6 protein chains.
Amino acid sequence: MYHHIKELMYTVKIGTPDVRFGRMLLEQFGGANGELAAAMQYTIQGWNCVDDIARRDLLLDIGTEELSHLEVVGALIRMHLKPLKTDAAAAEADPLVTIAGGGGVALLNSQGNPWTADYLKVTGELDVDLRSNIAAEARAKIVYERLIDHTDDPGTIDTLQFLMTREITHMRAFSAALESMEKPPFSIGRLAPTPVLVDQYFDGSTGDGNEGDQNMRGPWMTSNGLHVVESQMAGGKGLSVNKVRGVAGAEERGKQDSAQRTTTAPELEELVGVADSKV
Amino acid sequence: MYHHIKELMYTVKIGTPDVRFGRMLLEQFGGANGELAAAMQYTIQGWNCVDDIARRDLLLDIGTEELSHLEVVGALIRMHLKPLKTDAAAAEADPLVTIAGGGGVALLNSQGNPWTADYLKVTGELDVDLRSNIAAEARAKIVYERLIDHTDDPGTIDTLQFLMTREITHMRAFSAALESMEKPPFSIGRLAPTPVLVDQYFDGSTGDGNEGDQNMRGPWMTSNGLHVVESQMAGGKGLSVNKVRGVAGAEERGKQDSAQRTTTAPELEELVGVADSKV
Amino acid sequence: MYHHIKELMYTVKIGTPDVRFGRMLLEQFGGANGELAAAMQYTIQGWNCVDDIARRDLLLDIGTEELSHLEVVGALIRMHLKPLKTDAAAAEADPLVTIAGGGGVALLNSQGNPWTADYLKVTGELDVDLRSNIAAEARAKIVYERLIDHTDDPGTIDTLQFLMTREITHMRAFSAALESMEKPPFSIGRLAPTPVLVDQYFDGSTGDGNEGDQNMRGPWMTSNGLHVVESQMAGGKGLSVNKVRGVAGAEERGKQDSAQRTTTAPELEELVGVADSKV
Amino acid sequence: MYHHIKELMYTVKIGTPDVRFGRMLLEQFGGANGELAAAMQYTIQGWNCVDDIARRDLLLDIGTEELSHLEVVGALIRMHLKPLKTDAAAAEADPLVTIAGGGGVALLNSQGNPWTADYLKVTGELDVDLRSNIAAEARAKIVYERLIDHTDDPGTIDTLQFLMTREITHMRAFSAALESMEKPPFSIGRLAPTPVLVDQYFDGSTGDGNEGDQNMRGPWMTSNGLHVVESQMAGGKGLSVNKVRGVAGAEERGKQDSAQRTTTAPELEELVGVADSKV
Amino acid sequence: MYHHIKELMYTVKIGTPDVRFGRMLLEQFGGANGELAAAMQYTIQGWNCVDDIARRDLLLDIGTEELSHLEVVGALIRMHLKPLKTDAAAAEADPLVTIAGGGGVALLNSQGNPWTADYLKVTGELDVDLRSNIAAEARAKIVYERLIDHTDDPGTIDTLQFLMTREITHMRAFSAALESMEKPPFSIGRLAPTPVLVDQYFDGSTGDGNEGDQNMRGPWMTSNGLHVVESQMAGGKGLSVNKVRGVAGAEERGKQDSAQRTTTAPELEELVGVADSKV
Amino acid sequence: MYHHIKELMYTVKIGTPDVRFGRMLLEQFGGANGELAAAMQYTIQGWNCVDDIARRDLLLDIGTEELSHLEVVGALIRMHLKPLKTDAAAAEADPLVTIAGGGGVALLNSQGNPWTADYLKVTGELDVDLRSNIAAEARAKIVYERLIDHTDDPGTIDTLQFLMTREITHMRAFSAALESMEKPPFSIGRLAPTPVLVDQYFDGSTGDGNEGDQNMRGPWMTSNGLHVVESQMAGGKGLSVNKVRGVAGAEERGKQDSAQRTTTAPELEELVGVADSKV
């Protein structure tokens, strides 16, 4: 159950409204990495996370905070869009907001595209969802930073700095939640990858480019157990694809199956899943 | 420049076609975490990555491999959808593929939604993009695993196991590329978060729930420098929102600015960016 | 600012899960007339409604309640979808929810289409927005009623009856808010319609149809000041279109401009608007 | 069956073309509340309305007129966009219309988003659809009024005043059609809301806000049978949610079931519906 | 201006309704190649075609007929969907149509996706638009044919045969309109392609494939002035890309610029366009 | 299987970057008639074309070349967008590319709409797909030509002239592939249209228009076997709709069924299809 109190989580004060900047800010209201996307992604992950009620709480804590952020960024945008009601040239630059929306804030991104649930990444696999959330917070952080780069208004900067800071807080919390599951670093789900094949870094792009780039080497070809395999098209042997013989065994699960669960969660035996059914 | 050779990267052989399973497989052809999404996300990140031509090569290596995977999963789907041309009941279950598409593969997800670029996460900030890619590979891995759980056909399992394995390979490579940038773990971009505020874990969801959940604690509240702050609505003090005073300084950048760049990359001074313009 | 408490607004209890019904219920979670659409429509209208802080409160009261309803209907769906994790046939009938989403609830409608902000109707003109909300509540009511018609599970019916009842409550409140503005019934905005022309009901569809229908008459042709005008194509005189001579004067406003406003609302003189600029 | 005659329903004459205004006008051609949306919403409602052939005729009369309006607003836009073919700067401001569309009119809104059937509200419940139409006409009226505010061209104003006037005509007709059904004001469908619960106005947003707003009272809390219930989170008792005991009885139907129907309409006994199946 | 008469263009009579077939038929109502797409594509092309009022009339003749077809296919669908109101299992198979739409027809395709203007191909270049229309009619024909293959109901087949036949009529008319412009077969627009380069067929896909295919030859490599060029990646010389030196001259225009135009068409000199500005 | 070499298919060199032009160019990267749309349309048609492996090769040759074009146009856009990183005004004109995307290229069209598979036309009927491709190439050609008209930069013109030329090459090849199937010109699929009815050109738009157009005649009414039939609404006899009596026979197939097929293609008897099942 939700309750709303009228005080904003951060008090927004701006100097001179800047309609063009208000329009840019829409990216964090109704855009792909904006506050509604964050609120919905974490909240829905949380509602689905019936197998680990502690991390379910984490997801709802942060999902709810993002709703409060949506309200803050919405207030900031409204203040910047205020001249739309009286400035015809500004209005013509963004007719959708002005003519259709009356100059208010709307669930659009900075180019007027409507918000869509296609922005969300929700798989119902907790550690995977946490990785999606860490990446989402990193994206939101860089967008706020770029927005700060386009304004000189101190009150606006304060608000954006507040919102940007909280993304790092959330990134730390999601990372801690993932680490505390104590899973091996590349273990996902229940099925192990095929040995030998999983170690082969495939060099699918070769040659010298018009932009000064060429076939490069880096630690990503030799770390984490990897080694390079050249493409047949570049004269190499290609992937060892004749090594696949059904599933390759079960993954290490860490503490993934030992969490406290909700009363409506499926019984443990129902969750044995893929690895068992294939072995 | 691209070249296509007709041999598939993995030879697909199936037993009895299963139209319902073929439809499920569309999720990895034209779905949100499918092979076209992966190919486009990494390839476009690579084309944009003019400031680090080594990791640009990584992005193009893997982006190109995903195109080959798109072809493999497309061949697998086509074989499973083959009865659509002769089995009226199967056709009626999926009229869009049959009636509009003639029973072939199409850029739809498992529910017939058209593929959209809204699935992609491309920011142009290399370490952020790598985090998005790590999460994307984790999602693709779990989807392949769930698909394996819904078939008993050995040839189909082999193909899916091949594709699933490669996601882990890519996850390892993207992780190595991120680690080799030697950035502090929660450093994103150029602007530092606000001290004190960044350490506050906000407890926005409280109480006892109907599903047996209650207000929970976990290491995510006390790790990575965090401590709990109670919401005013639950009787707490709330966030220290009065501590924000403009930008808080510059972030540690690791080796982010020292990579070899393409001849068309902007000059370094053009890239100084946010932190400098605000200090 | 928002706070979440874990108790649901209505305690959901179901008997035997019914996956097909769970899928139908998605229409009220991520569908066009569902709870997120209602929550977002009213909340965003409220945030924009800076000229009438009393009705702004109304919009936020109900918008917040709809968020709590979203959580309730989400819990109901999750319980009905629970067999997806163990029942392969059910899973294959809805691969997007199962394979991509892990069997949890998602922001999709009953056919798997992602939620989009195109569902929302927000104009920033308060009385117009209230009419949109009255219609939205009527639509939501009829959808809940149809859902009740497709289940026999007593706990499910109780939950849906709760949600359905609240739509009528909201419809009453929005109607009262509109009436209390004391506007003439067909007065919208600031510009009056053109006399004579506005009274002409145009008979654009004529003849006898294959389904037993024919050219019909009804009170809608003669009420509210209207009279029938026959189309030229049916031998009539057509609309009096040569009577338009610019704007026709100002509309009666009722109590629309006398409400208490927020401190960030534009000054009154800024709002004089269309009628003044044209006269 | 449709027929087209080349004469426009309103003769469009403009002075100097204004490309920016032409782009704004697209909102009423291919936008959410534009003429195609109106034409399609009413026409499809009409085709589905086989149980009341008189109001079916109303829906087709107005749906057909909206098609003629689409043509009028299209002609107006084309005239304003004419300089796109020769003015490079104007073309660059709207490349989608110029480069892709050759400078003609297209089914886009004012920000270039393609028209989508998600804009439509069609439930097949006649009185609900009429409410949606009343709201749609109100929205279209206010958008035309805002457009008039952004032009000084007399011919353009005449055309928009014509179109705006007709929205009020339609609003009157739809209102008369709803009233003539003689339904109780808050009766929707066949199932009555739960007594007691339906009378409770829930105060979900409380406190004092940063924009000068506070917890407000208004007639919407005490009219139409309502009284206020305070949220538990604000120290109140909350909704009487333990009062729900299945469906609460049948709704008053007014004259809803006594209209003349088409020859293809289902028999009356087929339409008994929800209330009967639950009692 | 449009007028509607209630008689259908083709009288629809069906035997036993078939809900699954009704759902398939939606593809031609609200699908990518359906009747609304055809009506809108031709009508909007016609409204934009101010430079050739004879072919403008053609586009409006056929665009209007497609609106009448939309009505016919809508009536056919409604009759087949009729059992949705009384058959729960059928309703559950298509909840969007039943629960949200009340069992009526809607602007959805056969998988429930909303109609979008992204389906349309409108460039404003008449001969290009005619080619798009010829292809569109061919697609609609094959879809009707596939639908006929899925029903045995004589009345349904008659209706579909009527609609299918008209697509061939339209294909003939659009082809005649293109031919009568007397343009050289591969002349598009005003700019000629670069000599030598335009004659090179590039063999971008080589090798032997797993499905029995290999590098094939055909008349498309040697007709219409073409000859094969091997890719560098397959040991060939590649395209003669060093031959491009700006624009290559003007195209033959046939009778494209000599048609009678509307009074609102731009003057001829405004249309001189690309070739002139570059030479 | 795909391989990427870093050299571009055409070496892109530009003079002064032009951000507005870069944004227009996005139409050919992520727009409806752009290079990804072409690559995906032909490649997926090719993968599905198991019944004619020679034309399958054609589709893959050209589909692969379009991927290389996507890379070329992407490089061109990136160079033109380069100032976005340092020019605030340019950035504000396109916040989605700058703020969300970091100034790189993205799968958007020139108005910021995300690429969608709704752009594709894939039916699985080879001759129909070839017609769709001929039209697609014509559209792409005219868009490149319009782009050339908006730049004076010689290097940019060279690149666009290269890409434009190749569209004509592809148009020639697709036309040759269609002609070499030796099908009668208006034969589509397996079912013949109904005689008499198929010859009737229906005059659905009549009268004198406000833009100087009137009811026009042209060869499209009398060529290819057609003659004019006047609408009943204009006093004519209308279409001979009482002539439809089920399917009208089989179509001439040309060489459509005699091609060499892949090893995974269905057997010929499975493909007999509609005509046989109805006769």
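Residues numbered from 1 in each chain as written. Chains lettered and ligands numbered in written order. Predicted model: local features only at pLDDT ≥ 70, side-chain atom pairs only at ≥ 80, totals over all residues. Heavy atoms only, no water.

1. Observations regarding the overall build of chain A
Piece 1. In terms of regular secondary structure, chain A is built from nine helices and four strands.
Piece 2. For chain A, the α and β elements follow one another from N to C terminus as β-α-α-α-α-α-α-α-α-β-β-β-α.
Piece 3. On C-alpha atoms alone, chain A measures out to a radius of gyration of 24 Å, which is more than a quarter above the 19 Å that the 2.2 N^0.38 rule sets for 279 residues.
Piece 4. The principal-axis extent of the C-alpha atoms belonging to chain A is close to 70 × 60 × 30 Å. (Helix = DSSP H or I, 4+ residues; strand = E, 2+ residues; numbered from the N terminus. Rg over C-alpha atoms; globule rule 2.2 N^0.38 Å.)

2. Some thoughts on the interface of chain F and chain A
Piece 1. With 30 residues of chain F at the interface, the matching set in chain A holds 27 residues.
Piece 2. Between chain F and chain A, the buried area comes to about 2300 Å², and carbon and sulfur atoms account for 52% of it.
Piece 3. Area buried by chain F at its contact with chain A is led by His3(F), Lys6(F) and Ile99(F), which between them contribute 34% of it.
Piece 4. Taken together, the links from chain F to chain A amount to one salt bridge.
Piece 5. Across the chain F-chain A interface, the total number found is 16 residue pairs in polar contact (both at pLDDT 80 or more). (Contact = heavy atoms within 4.5 Å. Buried area = accessible area lost by both parts, 1.4 Å probe. Salt bridge = Lys/Arg side-chain N within 4 Å of Asp/Glu carboxyl O. Polar contact = N/O pair within 3.5 Å; in protein donor to acceptor, adjacent residues only side chain to side chain.)

3. Overview of the relation of the copies chain B and chain A
Piece 1. Its rotation angle being 180°, the transformation that places chain B on chain A also includes 0.0 Å of axial translation and leaves an RMSD of 0.0 Å. Between the two chains, the operation in question is that of a two-fold axis.
Piece 2. Interface overlap between copies is the fraction of interface residues in one copy that are interface residues in the other; for chain B against chain A it reaches 100%, indicating a shared surface. (Least-squares fit on C-alpha atoms with pLDDT ≥ 70 in both.)

4. Things to note about empty space enclosed by the protein
Piece 1. Considering only enclosed or pocket space, the largest cavity measures out at about 660 Å³ in volume.
Piece 2. What lines the largest cavity is a set of 31 residues, among which Asp118(B), Asp118(C), Asp118(D), Asp118(E) and Asp118(F) lie closest to the centre.
Piece 3. Across the lining of the largest cavity, the residue classes tally to 13 nonpolar, twelve polar and six charged. (1 Å grid on protein atoms, 1.4 Å probe; cavity = no way out; pocket = protein on both sides within 12 Å on 5 of 7 lines; lining within 4 Å. Points joined across faces, edges and corners; volume = space filled by probe spheres on them. Nonpolar A, V, L, I, M, F, W, Y, C, P; charged D, E, K, R; others polar.)

5. Examining the pairing of strand β2 (residues 200–203) of chain B
Residues and elements named next belong to chain B.
Piece 1. The side-chain alternation of β2 yields two buried faces, one formed by Gln200 and Phe202 and the other by Tyr201 and Asp203.
Piece 2. Bridge count between β2 and strand β4 (residues 227–230): four bridges; the pairing is parallel. By the bridge assignment for β4, aspartate 203 is matched with glutamate 230. (Buried < 20%, exposed > 50% of the residue type's maximum accessible area, 1.4 Å probe, protein only. Pairing = 2+ DSSP bridges.)

6. So, the sheet that holds strand β1 (residues 2–5) of chain A
Piece 1. One open sheet accounts for four strands, arranged β3(B)-β1(C)-β1(A)-β3(D); its pairing is mixed. Only two strands of the sheet have a single partner each, and these edge strands are β3 (205–206) of chain B together with β3 (205–206) of chain D.
Piece 2. Examined bridge by bridge, β1(A) and strand β1 (residues 2–5) of chain C share three bridges and lie antiparallel to one another. Bridge pairing links His3(A) to His3(C) in β1(C).

7. Here's the deal with unusual backbone geometry
Piece 1. A positive phi angle is found at Asn224(D), which is not glycine, with a value near 50°.
Piece 2. The partly exposed category is assigned to Asn224(D), whose relative accessible area is 28%.

8. Details of the relation of the copies chain F and chain A
Piece 1. Mapping chain F onto chain A calls for a screw motion: a turn of 120° about the axis and a shift of 0.0 Å along it, with 0.0 Å RMSD after fitting. In short, the pair behaves as if placed about a three-fold rotation axis. For chain F, the smallest separation between a C-alpha atom and the rotation axis is recorded for Asn113(F), amounting to 3.9 Å.
Piece 2. When the interface residues of chain F are mapped onto chain A, a mere 7% of them again lie at the interface, so each copy presents a different face.

9. Observations regarding the packing of helix α4 (residues 53–81) of chain D against helix α7 (residues 126–148) of chain D
Residues and elements named next belong to chain D.
Piece 1. For the pair α4 and α7, the least separation of the axes is 13 Å and the interaxial angle reads 25°. Considering the angle they form, α4 stands roughly parallel to α7. Helix-helix and strand crossings are classified by hand; for α4 and α7 the assignment is left-handed. Contacts from Arg55, Leu58, Leu59, Ile62, Glu66 and Val73 of α4 reach α7 at Leu126, Leu130, Asn133, Glu137 and Tyr144. (Axes fitted to C-alpha atoms, helices over the stretch in contact; angles between N-to-C directions. Parallel < 35°, antiparallel > 145°, perpendicular 65-115°, else oblique. Left-handed = near helix turned anticlockwise from the far one by under 90°.)

10. Comments concerning helix α4 (residues 53–81) of chain A
Residues spaced three or four apart along an α-helix point in a common direction, a consequence of the helix completing one turn every 3.6 residues.
Piece 1. For α4(A), spanning 29 residues, the distance from its first C-alpha to its last is 42 Å, which sits close to the expected 42 Å at 1.5 Å a residue.
Piece 2. Most of α4(A) is tucked away: 29 of the 29 residues are buried. (Expected span 1.5 Å × (residues − 1).)

11. Topic: the pattern of salt bridges
Close approach of charged atoms lets side chains of opposite charge pair.
Piece 1. By the definition in use, this model includes 104 salt bridges over all chains.
Piece 2. A salt bridge links Arg253(C) to Asp257(C), with the nearest nitrogen and oxygen atoms 2.7 Å apart.
Piece 3. Of the charged contacts, one joins Lys141(F) and Glu145(F) as a salt bridge, the two residues approaching to 2.7 Å between their closest N and O atoms. Placement of the pair is Lys141(F) and Glu145(F) together in helix α7 (residues 126–148), with a separation of four residues, close to one helical turn. Residues Lys141(F) and Glu145(F) agree in their burial class; the two are buried.

12. Considering the interface of chain B and chain A
Piece 1. Between chain B and chain A, the contact holds 105 residues from the first and 106 residues from the second.
Piece 2. Of all residues in chain B, the largest losses of buried area upon contact with chain A belong to Arg172(B), Glu211(B) and Trp220(B), amounting jointly to 9% of the total for that side.
Piece 3. Counting the contacts that link chain B with chain A gives eight salt bridges.
Piece 4. Between Asp213(A) and Arg56(B) there is a salt bridge, with its nearest N and O atoms 2.9 Å apart.
Piece 5. Counting across the interface, chain B meets chain A through 48 residue pairs in polar contact (both at pLDDT 80 or more).
Piece 6. Elements supplying a minimum of two residues to the side of chain B that touches chain A: β1 (2–5), α3 (53–81), α6 (126–148), α7 (154–179), β2 and α8 (274–278) of chain B.
Piece 7. For the side of chain B that touches chain A, a count of residues per class yields 46 nonpolar, 32 polar and 27 charged.

13. Some remarks on the environment of Gly204(F)
Piece 1. Looking at the secondary structure, you find Gly204(F) in the loop between β2 (200–203) and β3 (205–206).
Piece 2. Ignoring sequence-local partners within four residues, the contact set of Gly204(F) consists of His3(D), His4(D), Asp61(E) and Thr64(E).

14. Side note on the packing of aromatic side chains
Piece 1. Under the definition given, this model contains 27 aromatic pairs over all chains.
Piece 2. Plain terms: the ring middles of Tyr10(A) and Phe162(A) are 4.9 Å apart, the flat faces sit at 20° to each other, and that makes the pair stacked. One end of the pair, Tyr10(A), is in the loop between β1 and α1 (19–25); the other, Phe162(A), is in helix α8 (residues 154–179), with 152 residues separating them in the sequence.
Piece 3. Looking at Phe162(A), the relative accessible area reads 0%, which means it is buried.
Piece 4. Three or more aromatic residues joined by ring pairs make a cluster, and in this case those are Trp115(A), Tyr119(A), Trp115(C) and Tyr119(C). (Phe/Tyr/Trp six-rings, centres within 6.5 Å; stacked < 30°, edge-to-face > 60°.)

15. Details of the sheet that holds strand β3 (residues 205–206) of chain E
One key point about sheets: their strands pair by backbone hydrogen bonds, in either a parallel or an antiparallel sense.
Piece 1. If you walk across this open sheet you meet the four strands as β3(A)-β1(F)-β1(B)-β3(E), and the pairing is mixed. Single-partner strands in this sheet number two, and they are β3 (205–206) of chain A together with β3 of chain E.
Piece 2. Sheet strands touched by α3(B): β3 of chain A, β1 of chain B together with β1 (2–5) of chain F. Its angle to β1(F), the strand with the most contacts, is close to 155°.

16. As for the environment of Gly204(D)
Piece 1. Looking at Gly204(D), the relative accessible area reads 0%, which means it is buried.
Piece 2. When the C-alpha positions of Gly204(D) and Glu230(D) are compared, they lie 7.6 Å apart, and in sequence the two are 26 residues distant.

17. Comments concerning the side chain of Thr116(D)
Piece 1. Relative to the helices and strands, Thr116(D) resides in the loop between α6 (95–100) and α7.
Piece 2. A residue is classified by how much of its surface remains accessible, and Thr116(D), at 9% relative accessible area, is buried.
Piece 3. Those residues in contact with Thr116(D) that sit more than four places away from it in its chain are Asp118(C), Pro114(E), Trp115(E) and Thr116(E).

18. Some thoughts on the environment of Asp203(A)
Piece 1. Position of Asp203(A) relative to the elements: it lies in strand β2 (residues 200–203).
Piece 2. Take Asp203(A): its relative accessible area is 0%, and that puts it in the buried class.
Piece 3. Placed 30 residues apart in sequence, Asp203(A) and Met233(A) show a C-alpha to C-alpha distance of 10.0 Å.
Piece 4. Setting aside residues no more than four positions away along its own chain, Asp203(A) makes contact with Asn215(A), Arg217(A), Val228(A), Val229(A), Glu230(A), Ser231(A), Asp61(B) and His3(F).
Piece 5. Here Asn215(A) takes part through its side chain, which lies 2.9 Å from a polar atom of the side chain of Asp203(A).

19. Observations regarding the packing of helix α7 (residues 126–148) of chain A against α8(A)
Residue and element names in this part refer to chain A.
Piece 1. At a minimum axis distance of 9 Å, the contact between α7 and α8 shows a crossing angle of 160°. Between α7 and α8, the interaxial angle falls into the category roughly antiparallel. Here α7 and α8 pass one another in a crossing that is left-handed.
Piece 2. Taken together, the residues of the contact of α7 with α8 sort by class into 16 nonpolar, four polar and six charged.

Bear in mind that shape data such as this cannot, by itself, settle questions of function.
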